[in-house]
Every structure is written in structure tokens, then in C-alpha cells.
Amino acid sequence: MVRGRICSLSVRDVRFPTSLGGHGSDAMHTDPDYSAAYVVLETDAEDGLKGYGITFTLGKGTEVVVCAVNALAHHVLNKDLGDIVGDFRGFYRQLTSDGQLRWIGPEKGVVHLATAAILNAVWDLWAKQEGKPLWKLLVDMDPRTLLSCIDFRYITDVLTEEEAYEILQKGQVGKKEREGQMLMHGYPAYTTSCAWLGYSDDTLKQLCTEALKAGWTRPAVGSSLLSLSCVNMDPWTSEGLPLDKWFKVKVGADLQDDVRRCRLIRNMIGPEKTLMMDANQRWDVPEAVKWMSQLAEFKPLWIEEPTSPDDILGHAAISKALAPLGIGVATGEQCHNRVIFKQLLQAKALQFLQIDSCRLGSVNENLSVLLMAKKFEIPVCPHAGGVGLCELVQHLIIFDFISVSASLQNRMCEYVDHLHEHFRYPVIIKKASYMPPKDAGYSTEMKEESVKKHQYPDGEVWKKLLAAQEN
Ligand SMILES: C[C@H](O)[C@@H](O)CC(=O)C(=O)O
Ligand SMILES: [Mg+2]
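Residues numbered from 1 in each chain as written. Chains lettered and ligands numbered in written order. Predicted model: local features only at pLDDT ≥ 70, side-chain atom pairs only at ≥ 80, totals over all residues. Heavy atoms only, no water.

1. Observations concerning the overall build of the protein chain
Next up, step 1: Across its full length, the protein chain holds 17 helices and 12 strands.
Next up, step 2: Taking 2.2 N^0.38 as the reference for a compact globule, 471 residues should give roughly 23 Å; the C-alpha atoms of the protein chain span a radius of gyration of 21 Å, in line with that estimate.
Next up, step 3: On the principal axes, the C-alpha backbone points of the protein chain span a range of 65 × 60 × 45 Å.
Next up, step 4: Across the 471 residues that make up the protein chain, the buried fraction comes to 60%.
Next up, step 5: Considering only contacts in the protein chain between residues 6 or more positions apart, those separated by 24 or more positions represent 76%.
Next up, step 6: Working note: accessible area of the protein chain is about 17,700 Å², and carbon and sulfur atoms make up 52% of it.
Next up, step 7: The averaged location of the 60 negative side-chain charges in the protein chain is 3 Å from the averaged location of its 51 positive side-chain charges. (Helix = DSSP H or I, 4+ residues; strand = E, 2+ residues; numbered from the N terminus. Rg over C-alpha atoms; globule rule 2.2 N^0.38 Å. Buried < 20%, exposed > 50% of the residue type's maximum accessible area, 1.4 Å probe, protein only. Contact = heavy atoms within 4.5 Å. Areas by Shrake-Rupley, 256 points an atom, 1.4 Å probe, with all protein chains shown as cover. Lys, Arg positive; Asp, Glu negative; His and termini not counted. Charge placed at Lys NZ, Arg CZ, Asp CG, Glu CD.)

Set out below in C-alpha cells:
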């Protein structure tokens, strides 16, 4: 039973100095401090449960998102949780249609990141009150209720509510077995932790060796060396162990460096394992095609964010040009909203769709994208990493497998090995797979001690760093 009136919303600017070690660096974001605008909702219910929500940011960007959360707060305060989730579509519309704030979106950029942080907290609270991890709340939800959380405005030309209902109805078949499979084996993951652009070759080698030792080692059945249309991997052995393992390397700043690093990593992981490349929007369209033609010898499964995330037709042109080389295009971590995803799908502009739990308007909007991806039969391989993105997105992709896609072919969820120790319910990875969370909620809660230490600029960590910079 959902209960309580939301009586307080707080938001904090929490930053981790990851740029000091080059963690998270890429061709565009050379000094990222992984950060979060961290929202806490309290209700007047006697259970004392709180809802925690984050959105992922980089350093200074956080203070702008914090302002936007505060500007949206009045939509949530003094609302009954029951009224919010009882008409979640209406509430989503209310937040995204604020007559003054919509002008600085709409449904994109800072204001949408703030929307995500608030709604992530609402979903966490709802799941906690129901006593279920978020993925299970979604899996058990009756399809009509689930669809009532989605705003279909702007996407009915490709997906009507009735079509979405049919997808969910079909997804009911075999659901119990798939849930069992997830509980037993987890959802396959790939790692980006070895090859951030700011890492030296020695660090890359060392991390790659460690990752291989840690179990990212099984031989692939399908091979990324085949042309894309032939890639048809079954990621499980008969004992239910994951087979192929994927590694991602950052590229895009300097071609000769890329060639050297890709050779190094390919030599280490061998010809069989799947390698992906990520350019983080660095190139123009022709440049992307030319650059990737020169990296094709390393057999990447995909090039991620080859150009501006807004350039749908550019992505389509790159997809077309790289298909004969067996290289797909992946994108999504900076796709503003469901409309951009709709058009990427319509234009055949991507072969791997990367949802992000904090970029889109929370679970509500991500559900619409999962359903569209199913309709277009494009595999979803979520973006994760950052602060808490692994913790959150695992719920969405596990739900997707159990209730929507029913497939693991060509699908893996990103995993990055940073900052999990700051979460109260950190991800559990076994045999390179995400094990479904068991605790109630959306795994969004951070340890209070970590938040205090890393709050910007007054937390202990930042006080020291800022003082050192002054001297
Ligand atoms: C700035 C982030 O670390 C970014 O490089 C992450 C990313 O592109 C990915 O994980 O993919
Ligand atoms: Mg990326």
C-alpha cells in the first residue's frame, strides 16, 4: 500500500575527484569528476522510509542541476505519494510541462536531469513501500498499470499504448523462467574500467590483466569477427555460465594513440573476445567513417557516440558506411529523450541502444524506450558507470529481459568498477554478471558518511583538495 505525503525534499551536490586518477576520461571529457545531484524525499508516513534519487553529473555541472531540482521541488512537496503513482503519467507531464522551466528544456538538458533525480527518488520510495527491489516491482506490475506510468506523447507514430500492451502481454509468456534465470545467473556485463583515455599503456595492461583474471575470460561462441548481421551470440553455456566477454576502449583523440592502444588491448584479450570503441562525440560524420575504417582491423563490435548525439541522420550515415566493415553504431548515454531514440530507431541510425537511468526522465521514460527498442528489435545495452549508474540501470535491464525483450542476444550491460563502495546497496557482480538486487528500492541510497565527506565544497575531501590548490 502506497502511503504518506511528501513533506521534505533535499538536494546535495556530491562530487568524487576521479579526474585526479584519469578515471572516466574520454576524448571529450578529459577531467571528469564523477558527481551526483542527490535528492532525498521524506514523507509524513510512520514507516520512516525515504526515497533517494540521483542524477549523474560531472563536477561543476552539479551545481546547475541542484538549482533545477530546487526549482522543480514545489511540484512534489505536499503531494500524496499515492496520488503521484496513481497517475504517474499525469505527474510526469506536470513535471516536464512546468510553464516556465519547460522553456529551458523541453525534456532535455539540465532540467531533464533534475526531473530524473526527483523521479528516481519517487520510484525508490514506491519500491521501498512495496517492499520490493525496483526490477521486481516492475516485473510484478500489471501491464496496464505499468503503461499508465508512460507519457506516450510524441511517440504514438511508432508505438501506441495498445501496441505496447501487446508487447507486455507477449512478455508474460516464460516470465517466471526468465526471472529464475536472472536470479540464478544474473545479467551479463561488460567492462569499461580498463581503458579510460587518460590511462597510461602500463595501467591499461595491468587493468586488462586483472580483468581477465577476475573472470572476463570465457571463449566466445559467436565472434565479433563476423559481420554484424551474423552476430548471434548465445551468452550462456549449458551450465548457465556466461560465455563471451566484452571490453570497451576509449578512442577519438589521436589516431596513432588509438591504433597502439587498440592493438595492445586486442593482443591481450585475444581475437575471440568482443571489443567495443567509444569516441564520446569527438568526430564529424566523414571523420568518424575514416577514423573507424582505420581501426576496423581491431574488429570492434561497435563504435559508440561517433558524433554529436543530436545528429540522427549523421548516425544513420555512419551506420550505413560502417556496416560492410562489421562495425555497428551504439549511442544513447547523451540522448535527451524518447523522441531522439524514436528517430534513431526510425532512421536505422543505431544497432545498439544505450539507455541511461539518469539522462532520460527516470523509469517512466526509459520504459517507453525499452518498448520501442523491442518493437524495432534493436538490442539494448545500457550505459552505466559514473556514480550509481550501474546500481540503477541493472534494475531496468533485468526488467527488460524478464518482461519485454526476453532475449540476451547481443546484449550486455556496461559495468565500471568505480565508487560502488559509497552506496548502501552496491551492485553485486558474479562471473561478470549483474546479480538481481534483493533489497527493496532502486539501489539509489548512498552512505551518509560518503555524502558528507564528498559534498561540495564543504565535505572533508573537498576542503583538503581546495586548500591544497590554494597553496
Ligand atoms: C565521462 C564518462 O566517463 C564517459 O566517458 C562514460 C562513457 O562514455 C561510457 O561509460 O560509455
Ligand atoms: Mg560511452
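2. Considering the sheet that holds strand S1 (residues 6-15)
Next up, step 1: The sheet built from 3 strands is open, its strands ordered S1-S2-S3 with antiparallel pairing. Taken across any chain shown, the strands that pair with only one partner, and hence form the sheet edges, are S1 and strand S3 (50-58). Strand-to-strand twist across the sheet, computed as the mean angle between neighbouring axes with direction ignored, equals 15°.
Next up, step 2: Note: S1 against strand S2 (residues 34-43), 9 bridges, orientation antiparallel. Looking at S2, one finds that valine 14 is bridged to alanine 36. (Pairing = 2+ DSSP bridges. Axes fitted to C-alpha atoms, helices over the stretch in contact; angles between N-to-C directions.)

3. Comments concerning the coordination of the magnesium ion (ligand 2)
When a metal holds four donors in a tetrahedron, each ideal angle between them is 109.5 degrees; when it holds six in an octahedron, the ideal angles are 90 or 180 degrees.
Next up, step 1: Binding of the magnesium ion (ligand 2) to the protein goes through Asp278 (OD), Glu304 (OE) and Glu333 (OE), at separations of 2.0 to 2.2 Å.
Next up, step 2: Ordering the donors of the magnesium ion (ligand 2) by residue number gives the pattern D-x25-E-x28-E. Linking aspartate 278 in strand S6 (residues 274-278) with glutamate 304 in strand S7 (residues 300-304), this pair joins segments that are 26 residues apart in sequence. Considered together, aspartate 278 and glutamate 304 belong to a single accessibility category, that of buried residues. (Donors = N, O, S within 2.8 Å, 3.2 Å for Na, K, Ca; no water.)

4. Things to note about the site of ligand 1
Next up, step 1: Close to ligand 1 lie 14 residues; Gly24, Asp26, Tyr34, Lys250 and Glu414 are nearest.
Next up, step 2: Contact with the protein chains hides 97% of the accessible area of ligand 1, taken as 320 Å² for the molecule alone.
Next up, step 3: Applying the majority rule of atoms within 2 Å of the grid points places ligand 1 in the largest pocket. (Near = heavy atom within 4 Å. 1 Å grid on protein atoms, 1.4 Å probe; cavity = no way out; pocket = protein on both sides within 12 Å on 5 of 7 lines; lining within 4 Å. Sits in = over half its atoms within 2 Å of the grid points.)

5. Some words on the pattern of salt bridges
Next up, step 1: According to the stated counting rule, one finds 31 salt bridges in the structure shown.
Next up, step 2: One salt bridge in this structure joins glutamate 297 and arginine 263, with 3.4 Å as the shortest N-O distance. Of this pair, glutamate 297 sits in the loop between helix H11 (285-295) and S7 while arginine 263 is found in helix H10 (residues 255-269), placing the two residues 34 residues apart along the sequence.
Next up, step 3: Overall, the relative accessible area of 49% leaves glutamate 297 in the partly exposed class.
Next up, step 4: Overall, arginine 263 belongs to the partly exposed group, its relative accessible area being 38%.
Next up, step 5: Several salt bridges share partner residues, and in doing so they unite Arg93, Arg102, Glu107, Asp151, Arg338 and Glu365 into one network. (Salt bridge = Lys/Arg side-chain N within 4 Å of Asp/Glu carboxyl O.)

6. A few points about the layout of surface pockets
Next up, step 1: Estimated volume of the largest pocket: approximately 440 Å³.
Next up, step 2: Lining the largest pocket are 33 residues, with Phe56, Leu58, Glu333, Gln334 and Arg359 sitting closest to its centre.
Next up, step 3: Listed by contribution, the elements that provide at least two residues to the lining of the largest pocket are S3, helix H1 (61-72), helix H4 (109-130) and strand S5 (246-250).
Next up, step 4: With 4 residues, the single largest contributor to the lining of the largest pocket is H1.
Next up, step 5: Looking at the lining of the largest pocket, its residues break down into 13 nonpolar, 12 polar and 8 charged. (Points joined across faces, edges and corners; volume = space filled by probe spheres on them. Nonpolar A, V, L, I, M, F, W, Y, C, P; charged D, E, K, R; others polar.)

7. Thoughts on the pairing of S2
Next up, step 1: When you tally the buried positions in S2, you get 9 out of 10 residues, the bulk of the element.
Next up, step 2: The sheet contact formed by S2 and S3 spans 9 bridges and is antiparallel. Looking at the pairing, tyrosine 34 lines up with leucine 58 of S3.
Next up, step 3: Hairpin geometry of S2 and S3 is characterised by an intervening segment of 6 residues between the two adjacent antiparallel strands and by a positive phi of about 70° at glycine 48.

8. Structural notes on the environment of tyrosine 442
Next up, step 1: By secondary structure assignment, the location of tyrosine 442 is in the loop between strand S12 (433-435) and helix H16 (448-454).
Next up, step 2: As a C-alpha pair, tyrosine 442 and valine 393 span 49 residues in sequence and 9.1 Å in three-dimensional space.
Next up, step 3: Excluding its chain neighbours within four sequence positions, the residues that come into contact with tyrosine 442 are Asn120, Trp123, Asp124, Leu134, Ser357, Val363, Glu391, Leu392, His395 and Leu396.

9. Re the nonpolar core
Next up, step 1: By size, the foremost hydrophobic cluster in this structure holds 111 residues, and its most contacted members are Phe88, Trp123, Leu138 and Leu353.
Next up, step 2: When residues in this core are grouped by element, the largest group, 12 residues, is from H4.
Next up, step 3: Setting aside its immediate chain neighbours within four residues, tryptophan 123 contacts Phe88, Leu134, Leu137, Leu138, Met141, Cys149, Ser362, Val363, Asn364 and Tyr442.
Next up, step 4: Judged by nonpolar contacts, the second largest core, of 30 residues, contains Leu204, Trp283, Leu322 and Ile327. (Core = buried A, V, L, I, M, F, W, Y, C linked by side-chain atoms within 4.5 Å.)

10. Here we look at unusual backbone geometry
Next up, step 1: Residues glycine 105 and proline 106 are joined by a peptide bond in cis, for which omega reads -15°.
Next up, step 2: The residue glutamate 107 is not glycine, and still its phi comes out positive at about 50°.
Next up, step 3: Structurally, glutamate 107 is set in the loop between helix H3 (88-96) and H4.
Next up, step 4: Even without being glycine, alanine 406 reaches a positive phi, approximately 55°.
Next up, step 5: Relative to the assigned elements, alanine 406 resides in the loop between helix H15 (389-405) and strand S10 (413-415).
Next up, step 6: Relative accessible area serves as the criterion here: at 37%, alanine 406 is assigned to the partly exposed category.

11. Section: the packing of helix H13 (residues 338-346) against helix H14 (residues 362-376)
Next up, step 1: Relative to each other, H13 and H14 sit at 10°, their axes nearing to 10 Å. In terms of axis orientation, H13 runs roughly parallel to H14. Here Arg338, Phe341, Lys342, Leu345 and Gln346 of H13 come into contact with H14, specifically with Glu365, Ser368, Val369, Met372, Ala373 and Phe376.
Next up, step 2: Looking at side-chain class alone, the contact of H13 with H14 contains 6 nonpolar, 2 polar and 3 charged residues. (Parallel < 35°, antiparallel > 145°, perpendicular 65-115°, else oblique.)

12. Brief notes about empty space enclosed by the protein
Next up, step 1: For the structure shown, the criterion picks out 4 cavities of 30 Å³ or more.
Next up, step 2: Taken as a whole, the largest cavity encloses approximately 60 Å³ of empty space.
Next up, step 3: Forming the walls of the largest cavity are Leu95, Thr96, Asp98, Leu101, Arg102, Glu107, Val111, His112 and Thr115.
Next up, step 4: Put simply, the parts of the chain that give the lining of the largest cavity at least two residues each are H3 and H4.
Next up, step 5: At 3 residues, the largest contribution of residues to the lining of the largest cavity is made by H4.
Next up, step 6: Here the residues of the lining of the largest cavity sort into 3 nonpolar, 3 polar and 3 charged.
Next up, step 7: Roughly 40 Å³ of internal volume is contained in the second largest cavity.
Next up, step 8: In terms of lining, the second largest cavity is formed by Leu138, Val139, Met141, Pro143, Leu146, Leu168, Gln172, Lys175, Phe399 and Ser403.
Next up, step 9: At the level of secondary structure, the elements contributing two or more residues to the lining of the second largest cavity comprise helix H5 (134-140), helix H6 (143-147) and H15.
Next up, step 10: In terms of residue class, the lining of the second largest cavity is made up of 7 nonpolar, 2 polar and 1 charged.

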